[in-house]
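Breakdown of the fold
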Amino acid sequence: LGGQNTRQVGDTVVGTVGLPVLPYWNYGTANVAGDDPSHFAFLFDNTTVRAFVEDSGGNPVAGITATLQRCVTSSGFTSPPTGPSTCTTYTTEAPKNTSTDAAGRFEFNGLQEGVYQVTINPATGGYSNASPATMLFQLRDAGDVEVPAGPFVVSNAAPPPPVSQKAYVADFSANTVSVIDVSTNTVTTTIPVGVGPNGVAITPNGVSAYVANQNGNNVSVIDIATTTVTNTIAVGTSPRGIDITPNGMHAYVTNASTNNVSVIHIPTNTVIATVGVGLSPRSVAITPNGASAYVANANSGTVSVIDVGTNTVTTTVGVGGLPVGVDITPNGTSAYVANLGSGNVSVISTATNTVTATVPVGALPTGVAATPNSATVYVTNQGGASVSVIDTGTNTVTATIGVGTSPRGAVVRPDGTRLYVTNTTSNNVSVIDTGTNTVTATVPVGLGPVGVAITP
């Protein structure tokens, strides 16, 4: 991608000034006494901006700091862009800081919609006579970027290597989150959070993990890049389940003791709505189109369907006894609800919000996880130390997999090849090959693991 006054929508470029279409921006700045890294280039990749800095001779420059800030208001920024612009006020979010590596590269992850300012400071890399250089861009939604006019040229920098996926496991009895590197199935770090962490959800851009602390009545926000808690958000009493909308804008948290759901606005990390549901809501799953949230109400034997646009309950669906777990197939057609008390799974058609099938499984079914292709649903049986494998085409159990004791949470890797199951009283995680439905690894974690989520 190259040019000025340009807008990028996915892979489509609108309004270029005739430069070749490549996925990189290179922004030139004025030299100061001949001592200035003269270009810095940007690659926009959904909610990540990757960049590199080079000197006037085209050589990469290491050790230069880069700062990212999000604007509340800006001067001169129009849509479509028509000229140079600057931030006039900033959000209350802390600026993100990083520095270029040996190849002159840096990146910022997890950008929400908005106008952003990036500033590089060449003096930190030894260019003492160089002035800081600033650029603004607007991220309208994933893959939709606008950049104001400037002296852009095209360059070909290689993006940084990919970051390995991680599984985040809520250790209820240890008040921690164990982070598993899924490429090695080893715990790489342990993060202290609130009291009694239960549910975990990760933003679609992979920047933050949100952890519902059941006994702390709050939600911990973890910065995945630094593996530190950056915010704590008060919610209702006994928060257990949590899910995040596909656009990354809102987190829905079930509060079991106050019989409601807290809606968190992720860009500001504030609760913007509280939605009354059934008795003792335990878990929540949001449809792939982001339109509805399905909430399993354990003591009502129902599922509340929340309209995400209005944050109101539009339908209540009767299911089995003590529904505690829910997941929605990625094709959006069905919600699978684990009924702890009746030992079965209710299948709800999201088109009609009616139960279309009831599938007997093991003892005390608790967690539910669907594969990316929507062909299989896995159900953890807390009382049977097993996982039931449901064929969604026939809604029958095709296999039962032995795991650790008191299996609770479950999540399938985005590539569909592995299932991760938390074993609460075994204090470990079973890793299941979904191709063979066999356990291939067991990973020790903290005490009482419950919820689990995997980065994109």
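Just so we're clear, the structure is a prediction, and the values are computed from it rather than from any experiment. (Residues numbered from 1 in each chain as written. Predicted model: local features only at pLDDT ≥ 70, side-chain atom pairs only at ≥ 80, totals over all residues. Heavy atoms only, no water.)

On to the overall build of the protein chain, then. Each helix and strand counted, the protein chain has zero helices and 41 strands in total. For the protein chain, the proportion of its 456 residues judged to be buried stands at 56%. By sequence separation, contacts in the protein chain at least 24 residues apart represent 45% of the contacts at least 6 residues apart. As displayed, the protein chain offers around 16,900 Å² of accessible surface, 50% of which is attributable to carbon and sulfur atoms. (Helix = DSSP H or I, 4+ residues; strand = E, 2+ residues; numbered from the N terminus. Buried < 20%, exposed > 50% of the residue type's maximum accessible area, 1.4 Å probe, protein only. Contact = heavy atoms within 4.5 Å. Areas by Shrake-Rupley, 256 points an atom, 1.4 Å probe, with all protein chains shown as cover.)

Pairing within the open sheet is antiparallel, and its four strands lie in the order β16-β15-β14-β41. The sheet is open, and its two edges are formed by β16 (186-192) and β41 (449-454), each paired on a single side. Ignoring strand direction, the axes of neighbouring strands in this sheet form an average angle of 25°. Here six bridges tie strand β15 (residues 176-181) to β16, and the two strands are oriented antiparallel to one another. Directly across from Val 179, in β16, lies its bridge partner Thr 189. (Pairing = 2+ DSSP bridges. Axes fitted to C-alpha atoms, helices over the stretch in contact; angles between N-to-C directions.)

With that out of the way, let us pick up the side chain of Ser 346. Along the chain, the position of Ser 346 falls in strand β31 (residues 344-349). Polar contacts involving the side chain of Ser 346 include one to the side chain of Asn 339, which spans 2.9 Å. In contact with Ser 346, not counting residues within four places along its chain, are Val 319, Gly 320, Ala 335, Tyr 336, Val 337, Asn 339, Val 355 and Ala 357. (Polar contact = N/O pair within 3.5 Å; in protein donor to acceptor, adjacent residues only side chain to side chain.)

On to the pairing of strand β21 (residues 239-244). Here β21 pairs with strand β22 (residues 250-255) via four bridges, running antiparallel. Note that in β22 the partner of Ile 244 across the bridge is Ala 251. The antiparallel hairpin formed by β21 and β22 contains five residues in its connecting segment, where Gly 248 sits at a positive phi of about 75°.

Next up on the list: the pairing of strand β19 (residues 218-223). Within β19, six of the six residues are buried, which leaves the element mostly enclosed by the surrounding structure. Burial along β19 is two-sided: Asn 218, Ser 220 and Ile 222 facing one way and Val 219, Val 221 and Asp 223 facing the other are all buried. Judged from the six bridges that link them, strand β18 (residues 208-213) and β19 form a sheet pairing that is antiparallel. The residue bridging Asn 213 from the neighbouring strand is Asn 218, located in β19.

This part covers the confidence of the model for the protein chain. For the protein chain, the mean per-residue pLDDT works out to 81, and 71% of the residues sit at or above 70. In this model residues 1-46 is a low-confidence stretch, pLDDT under 50, and it forms 166 contacts with partners more than four residues away in sequence or in other chains. Counting contacts from residues 79-84, a segment whose pLDDT is below 50, to residues more than four positions away or on other chains yields 17 contacts. (pLDDT = per-residue confidence, 0-100.)

It is worth spelling out the sheet that holds strand β28 (residues 312-318) at this point. Spatial ordering of the open sheet is given by β25-β26-β27-β28, a layout of four strands whose pairing is antiparallel. Taken across any chain shown, the strands that pair with only one partner, and hence form the sheet edges, are β25 (281-286) and β28. Neighbouring strand axes in the sheet, compared pairwise and without regard to direction, differ in orientation by 25° on average. Examined bridge by bridge, strand β27 (residues 302-307) and β28 share six bridges and lie antiparallel to one another. If you follow Ser 304 over to β28, its bridge partner there is Thr 316.

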